[in-house]
Amino acid sequence: MKAKKGNIFGILTILLYSSLAFFSILTTKIPAFELTAMAFSVASCVGLLFLKKQNIKIKELFKIEPKAWIIGISGLFGYHFFYFLAIKNAPAVEANLLNYLWPLLIVLFSAFLPNEKLRWFHIVGALLGLFGAFLLVSKGGSFNFETKYLWGYIFALIAALIWSSYSVISRTLSHVPTYAVTGFCIATAILSSVCHFIFETTVVPNSKELFGVLMLGLGPVGGAFYLWDYSVKNADIKLLGSISYFTPLLSTLLLVVLGYADFTTAITLACIFIIVGSFVSSASYLKAIKKFFFR
């Protein structure tokens, strides 16, 4: 039952992640760390409301083991820190491709988890999804990796390693309640604020930008992390990694529907590869469904 619920939460998380590009468009004038601090402040409020609804005292957060705090803060703050460094030090297209290695890394790293077994169709499905993401972020073209952007590429790889590691390691912390993410969000908001005051100049947002910040905090850069935490701890982790490639695809399709992007041949091919890759990765589920209906 938990696995099924975890899979559903995983799909919901991916749907929320896919809105990142659209809401980010509304907040383009806000510096990266200022935006992160504001979004995670909203996410922290979501968590505090969750605590209140569950009749859980804030002091319970301080009873969470130090290991979980380190992993949680490293995952949420560490990922965004290195991702933004990558975007600032390398072309966005190349940085995003390297960043989107995280779904494949989740599939591969899951082999090291207890009672998990990596099968050929998991790898093939993840690679098909990666190729689909390649077509998507490159817009069907090619990449031009230049040595002058080396640090940006390294930062993007570190971001991918952090998020995939955080997701897989969280699987081993199933005993840590999801409300712990509230503490991680609060810590991330504080650390992002510190980085903002050190590296950036404050921009006072207008009403449209505030709406974008609110939606980011409720969704892809905040609220989604609570769903993701439950998902990585209970869902099929390999399947979760494979279907994560729907994130850039759905994000692009949303921009197309809202008139911010054009539907191209590259998007069509990306759809095909990502969908086929997800079906291949779900081979074990497809066999179970076939057996159920045609036994």
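None of these values were measured; they are calculated from a predicted model. (Residues numbered from 1 in each chain as written. Predicted model: local features only at pLDDT ≥ 70, side-chain atom pairs only at ≥ 80, totals over all residues. Heavy atoms only, no water.)

### Looking at the overall build of the chain
The number of helices and strands found in the chain is 15 helices and 0 strands. Along the three orthogonal principal directions, the C-alpha set of the chain runs to about 60 × 45 × 35 Å. Per-residue burial over the chain gives 52% buried out of 295 residues. Counting only contacts in the chain whose residues sit at least 6 apart along the sequence, the fraction spanning at least 24 positions is 88%. When the accessible surface of the chain is summed, it comes to about 14,700 Å², and 70% of that surface belongs to carbon and sulfur atoms. (Helix = DSSP H or I, 4+ residues; strand = E, 2+ residues; numbered from the N terminus. Buried < 20%, exposed > 50% of the residue type's maximum accessible area, 1.4 Å probe, protein only. Contact = heavy atoms within 4.5 Å. Areas by Shrake-Rupley, 256 points an atom, 1.4 Å probe, with all protein chains shown as cover.)

### Side note on the confidence of the model for the chain
For the chain, mean pLDDT is 86; residues scoring 70 or higher make up 92% of the total. The secondary-structure element of the chain with the lowest mean pLDDT is helix α15 (residues 283–294), recorded at 50, while helix α9 (residues 180–199) shows the highest, at 95. Low confidence marks residues 288–295, where pLDDT is under 50. Its contacts with residues over four positions away, or in another chain, come to 1 contact. (pLDDT = per-residue confidence, 0-100.)

### Some points on the nonpolar core
L76, W163 and W228 are the most contacted members of the largest nonpolar core, which has 59 residues in total. If we ignore the near neighbours within four places in the chain, the residues touching W163 are Y17, G75, L76, Y79, W102, F225 and W228. One finds V107, L136, L249 and I267 within the second-largest nonpolar core, a separate group that totals 13 residues. (Core = buried A, V, L, I, M, F, W, Y, C linked by side-chain atoms within 4.5 Å.)

### Some words on helix α7 (residues 120–137)
The end-to-end C-alpha distance of α7, which contains 18 residues, comes to 26 Å, matching closely the 26 Å that a straight helix rising 1.5 Å per residue would cover. The complete set of buried residues in α7 reads F121, H122, G125, A126, G129, L130, G132, A133, L135, L136 and V137. (Expected span 1.5 Å × (residues − 1).)

### Let's talk about empty space enclosed by the protein
Scanning the model with the defined rule gives 1 cavity of 30 Å³ or more in all. Taken as a whole, the largest cavity holds about 70 Å³ of empty space. Looking at the lining of the largest cavity, the elements that each hand over two or more residues are α4 (66–89), α8 (150–170), α9 and α11 (223–234). (1 Å grid on protein atoms, 1.4 Å probe; cavity = no way out; pocket = protein on both sides within 12 Å on 5 of 7 lines; lining within 4 Å. Points joined across faces, edges and corners; volume = space filled by probe spheres on them.)

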